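# Coordinate analysis (summary)
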Amino acid sequence: MTQHTEHFDAIVIGGGAAGLSAALMLGRSRRRTLVIDSGLPRNRFAAHMHGVLGHEGIDPADLLRKGREELAAYDVGVRPGRVVRLDETEHGVSVLLEDGERLTGRAAIVATGVTDELPDIPGLAERWGASVLHCPYCHGWEVRERRLGVLTTSPLGMHQAQLIRQWSDDVVVFTAGLGHLDEADEQRLLSRGITLVNSPVTEVLGDGDQVTAVRTADGQTTEVGAIFTAGTLRPHDGFLTHLSLDRTDTPVGSVLAVDATGKTSSDRIWAVGNVSNPMANVPISMSAGAMAGSVVNMTLVTEDFDRALGGPAPVDFWQDRYAGSDQIWSGKVNTVLGDIAASLQPGTALDLGSGEGADVIWLAQQGWRATGIDISENAAARGREAARAAGLSEDRARFVVSDLSSSADLDGSYDLVTASFFHSPVELPRTDILRRAAELVSPDGHLLVTSHAAAPPWADAAAHEHRFLDAKEELAALDLPEESWETVVLEHRDRPVISPSGEDATLEDSVVLLRRR
């Protein structure tokens, strides 16, 4: 099958709490959404999650598993992978995956989180998330009233040292990471009974994942029941640094600058969760994701209306398309229609969007009484002229004009209703038209829908924001009652063509053939 670039309304990069929350709102907004998940959430080292209303104490992995299950109900895709580059395009964004696959979308939400780079102290990293901790709101209750150590790594450790005192009366602060500790700060810590150890920490001791003591450079050992510390935070945003998006300095480092909705300085890129707010816990990250997902949807809604308002009316567009004297299409029957109709008993046929009439003329020449219907009078006139040139009477090859948007425009009963590449760059209720046309199929008659399954390989996929459906999606969109219709063909076919540059190329078509029971 031909490989092609998949296009989405939104691509969410990161499958943690923030990313899945954004995807949930987009999925519920009927947006085609893909989550690309590296499978390495920041809190994967913790066995339990706290401070999340309704989910107190559960394994963080269980929250993400349940979230992915919920996304499936809204047809949101979750794909394992790692993004190596994110680019802006004329119509949205382009995402390059580590395996070389490229995806496009109208917008991207970055939710890739951060890495906590801990001090290179033996025994520290291997107990991270168990008894070496960072956030007292997440884990303080579980170690309350123990002797708690605070391993400072920067002047910000002064804040953490004071905070941890709320969870225990017995706190030991290893102050080497604070730098120079002036007398006022020293007295402030001592005023609440905090023990200060000035010698640098050289090793963390313990039994399995449980910290028991800390050894310092002076050879002393200090017993503790848990350690709180802060690593250096490294945002996972290297795949977009070339975009030079605005950044902001925080007490823990430089991160992407975002507004209250998570929007970056790019009109197509949002950033949520720890990648833009390193201090955010799970509820805050979920909230930011939900906000960004909602705003991205509204941004696309606004864009859809702006485009519809600013573009030509469908009748005008197609009238202009067929206004000249040059032939637009090949004048030959569409290959799929020729293959399938040749196996059917000729009867009456209706061709939707008949254009210059090649399919109608071919059907008539095979013994069908064929009617072509098109929104453009210019197209219908071309069809009539071609039929006369082929020696066909109007009884065998007939062309009518209609915008196809009203049931009154479609009448009669047909043994075959066909729609070949029934796409429009201007807004038309395509699926509604196909459903109404299906009602015109006679019992034991057929509905044939042949469509582009992907943009041409030479085209910018992001330009095709109406999105191409695959065969299964086409069938699902028609939503015809199963008890009334039998699926005869549901497949993709490759079609060799010559590209605009004169090179050999292959297009991928989806084929749906249904028989009315």
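Residues numbered from 1 in each chain as written. Predicted model: local features only at pLDDT ≥ 70, side-chain atom pairs only at ≥ 80, totals over all residues. Heavy atoms only, no water.

### Overview of the packing of helix α1 (residues 17–28) against helix α6 (residues 282–310)
- It is at 7 Å that the axes of α1 and α6 come closest, and there the two elements cross at 35°. The two elements α1 and α6 cross, and the hand of that crossing is right-handed. Judged by residue contacts, Ala17, Ala18, Ser21, Ala22, Met25 and Leu26 of α1 engage Val282, Ser285, Met286, Gly289, Ala290, Gly293, Ser294, Val296 and Asn297 from α6.
- For the contact of α1 with α6, the class distribution of residues is nine nonpolar, six polar and no charged. (Axes fitted to C-alpha atoms, helices over the stretch in contact; angles between N-to-C directions. Helix = DSSP H or I, 4+ residues; strand = E, 2+ residues; numbered from the N terminus. Left-handed = near helix turned anticlockwise from the far one by under 90°. Contact = heavy atoms within 4.5 Å. Nonpolar A, V, L, I, M, F, W, Y, C, P; charged D, E, K, R; others polar.)

### Observations concerning the pairing of strand β23 (residues 414–420)
- For β23, the tally of buried residues reaches six of seven residues, placing the bulk of the element in the interior.
- Pairing of strand β20 (residues 348–352) with β23 involves four bridges; the strand directions are parallel. Paired with alanine 349 across the two strands is leucine 416, which belongs to β23.
- Relative to strand β24 (residues 441–452), β23 runs parallel, the two being bridged by six bridges. In the strand pairing of β24, alanine 419 is matched with valine 449.
- Remark: the β23/helix α11 (residues 430–438)/β24 crossover connection has right-handed handedness. (Buried < 20%, exposed > 50% of the residue type's maximum accessible area, 1.4 Å probe, protein only. Pairing = 2+ DSSP bridges. Right-handed = clockwise from strand over helix to strand, strands pointing away.)

### Quick word on the sheet that holds strand β12 (residues 201–207)
- The strand order across the open sheet formed by three strands is β12-β13-β14, and the pairing between neighbours is antiparallel. The open sheet has two free edges, formed respectively by β12 and β14 (221–223), since each of these has just one partner strand. Averaged over neighbouring strand pairs, the angle between their axes works out to 30° when direction is ignored.
- In the sheet, β12 pairs with strand β13 (residues 210–216) via six bridges, with the strands oriented antiparallel. Note that in β13 the partner of glycine 206 across the bridge is valine 211.

### Let's talk about unusual backbone geometry
- A positive phi angle is found at serine 244, which is not glycine, with a value near 55°.
- Backbone geometry at aspartate 479 places phi at a positive 55°, although glycine is not the residue there.
- Relative to the helices and strands, aspartate 479 resides in the loop between α12 (471–478) and β25 (485–498).
- Relative accessible area serves as the criterion here: at 59%, aspartate 479 is assigned to the exposed category.

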